[in-house]
Amino acid sequence: ATDELAALRAAAADAAGSGVPGAAVAADTQATEPTQFIGRQRNGSALNPDISATGDIRFIGSRRGDHLQGDAHEFEVALQSTLDPYSSAKVIMTFSNEEVGIEEGYLYYTGLPGRIRADIGQIRQQVGDLNRWHLHALPESEYPLVYQRYLGEEGLAGAGLSLYTALPISLFHGTHEVWLQGTTAESDPLYGTGRHGTLLGRVQNFWQLSRSTFGQVGFTALGGNADSLRGRVLGLDLRLSWRPPNEGTRRNATLRAEGYRFHGVDQGTSATTTRYGMFADLPFQATRRWIFGTRYDYVEAPRGTLVSEWQLSPTITWWQSEFVYLRLEGQHRHQSNARDDDRLLLQVVFAMGPHKHETY
């Protein structure tokens, strides 16, 4: 036999003729050369992190100020990688008309004793349900007004340590999670200028109410002291989600409501203020591509003279694909010390790479 197929047939015939099943085949498969071991070390390509990018482009029409403007609002580049069997890392950079900065950059460990996850670095902090989300993943174009007024224009982020665990107990068949975070954060409403130590604690409770309905209740407390200002924030958030198992990617709705109490003290003048704010939103996915929603905001100014404002923001979002969506959003804002403003916003968001429109 001169080819492999004929050789296999001859070996099978010899084995059958010898009366010892597989004898010839076994002889034919004996190693004729020393065993060679092949290393599976990470090659040059595997050493590169996953790279993602998102873009947020806006066109805005307004009754006040510039009546029509275009804005390359924000571009985001994300690098993420599993470093070793113990830890992973993410670095997320933002580029906008106003600044270039680090949205997040942290090392995180999972599977620590006590089922603890530890994040070390620059993180968006676990306030309510939406502060952890990046801007391009929000159900509306901006963070709620109560986040902007009590935490900062882009929510609260800081550099430090975050510890998370799921509690080993279950009340009423629920899941209960705890976050403890200590960071140095920059927040004009809380501290004025500069970065200052901030402690945050959060308890989040989750229940599956039926095959298609889920409920969540969370409590957040945070605060810190600056040289002349002291700020404390308490929050309660509720979320009710409806997502039929057989229509999860085509039809769902989420009712989200959060309320906050801001307590500030000017340690130089001993002036004390206690203010309140809230928001409620309801995005409803009617089909695979179309989402309709609205959000109502109400907030009181954290310091100084009492100024209140409210805003109503209806939205229509069309998902061209999982990588691109377009959103048309109206905004009607009322402030107690200024005339009303109406805006119409067209938002175009695209994403490439594994990060995409990441929610938490």
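Residues numbered from 1 in each chain as written. Predicted model: local features only at pLDDT ≥ 70, side-chain atom pairs only at ≥ 80, totals over all residues. Heavy atoms only, no water.

What follows covers the confidence of the model for the protein. In the predicted model, the protein carries a mean pLDDT of 88, and 89% of its residues have values of at least 70. No element of the protein has a lower mean pLDDT than helix α2 (residues 23-28), which averages 48, and none a higher one than strand β14 (residues 290-300), which averages 97. Per-residue pLDDT stays below 50 along residues 22-26; that stretch engages in 6 contacts with residues further than four places along the chain or on separate chains. (pLDDT = per-residue confidence, 0-100. Helix = DSSP H or I, 4+ residues; strand = E, 2+ residues; numbered from the N terminus. Contact = heavy atoms within 4.5 Å.)

As a further point, take the packing of aromatic side chains. Applying the stated criterion across every chain, the model contains 11 aromatic pairs. Considering the side-chain rings of Tyr147 and Phe279, the 5.9 Å spacing of their centres and the 90° angle between planes classify their relative orientation as edge-to-face. Within this pair, whereas Tyr147 is found in helix α3 (residues 145-150), its partner Phe279 is found in strand β12 (residues 271-281), the two being separated by 132 residues in sequence. The same class applies to Tyr147 as to Phe279, namely buried. (Phe/Tyr/Trp six-rings, centres within 6.5 Å; stacked < 30°, edge-to-face > 60°. Buried < 20%, exposed > 50% of the residue type's maximum accessible area, 1.4 Å probe, protein only.)

Our focus in this paragraph is empty space enclosed by the protein. Taken as a whole and assessed by the stated rule, the structure comprises 1 cavity of 30 Å³ or more. Computed from the structure, the largest cavity encloses a volume of approximately 40 Å³. Along the walls of the largest cavity sit Glu74, Glu103, Arg124, Leu135, Tyr143 and Glu154, which together make up its complete lining. Each residue belonging to the lining of the largest cavity can be placed in one class, and the counts come to 2 nonpolar, no polar and 4 charged. (1 Å grid on protein atoms, 1.4 Å probe; cavity = no way out; pocket = protein on both sides within 12 Å on 5 of 7 lines; lining within 4 Å. Points joined across faces, edges and corners; volume = space filled by probe spheres on them. Nonpolar A, V, L, I, M, F, W, Y, C, P; charged D, E, K, R; others polar.)

Here Ser228 is to be found in the loop between β9 (213-225) and β10 (229-242). In this structure the C-alpha to C-alpha distance between Ser228 and Thr269, which are 41 residues apart in sequence, comes to 8.8 Å. Ignoring sequence-local partners within four residues, the contact set of Ser228 consists of Val265, Asp266, Gln267 and Gly268.

Our next topic: the nonpolar core. Note on soluble globular proteins: their nonpolar side chains tend to be buried together. Core analysis: the biggest nonpolar cluster contains 23 residues, and Val127, Val146, Tyr147, Leu222 and Tyr260 have the highest contact counts within it. Here the element with the most residues in this core is α3; it accounts for 4 residues. In contact with Val146, not counting residues within four places along its chain, are Leu151, Tyr260, Gly277, Met278, Phe279 and Val299. (Core = buried A, V, L, I, M, F, W, Y, C linked by side-chain atoms within 4.5 Å.)

This part is about the pairing of strand β1 (residues 50-62). Regular strands show a simple pattern: their side chains alternate between the two faces of the sheet. Bridge analysis of β1 against strand β2 (residues 68-82) gives 12 bridges, and the strand direction is antiparallel. Across the sheet, the residue bridging to Ile60 is Gln69, located in β2. Looking at chain direction, β1 and strand β17 (residues 338-352) are connected through 10 bridges and run antiparallel. Residue pairing across strands places Ser62 opposite Arg343, the latter belonging to β17. (Pairing = 2+ DSSP bridges.)

Inspection of the secondary structure assignment puts Tyr109 in strand β4 (residues 100-112). Judged by its relative accessible area of 28%, Tyr109 falls in the partly exposed class. For the pair Tyr109 and Asp119, spaced 10 residues apart in the sequence, the C-alpha separation amounts to 6.6 Å. Setting aside anything within four residues of it in sequence, one finds Tyr109 in contact with Tyr86, Ser87, Ile116, Arg117, Ala118 and Ile120.

We now examine the pattern of salt bridges. Under the definition given, this model contains 16 salt bridges. The closest approach of N and O atoms between Arg58 and Glu142, which form a salt bridge, is 2.7 Å. Taken together, the residues Arg58 in strand β1 and Glu142 in the loop between β5 (116-124) and α3 connect sequence positions 84 residues apart. For Arg58, a relative accessible area of 1% corresponds to the buried category. A residue is classified by how much of its surface remains accessible, and Glu142, at 23% relative accessible area, is partly exposed. Residues Asp119 and Arg117 are paired through a salt bridge, measuring 2.7 Å at the closest nitrogen-oxygen approach. For Asp119, a relative accessible area of 8% translates into the label buried. With relative accessibility at 25%, the residue Arg117 sits in the partly exposed group. Through salt bridges that share partners, Asp129, Arg239, Arg256 and Asp281 make up one connected network. (Salt bridge = Lys/Arg side-chain N within 4 Å of Asp/Glu carboxyl O.)

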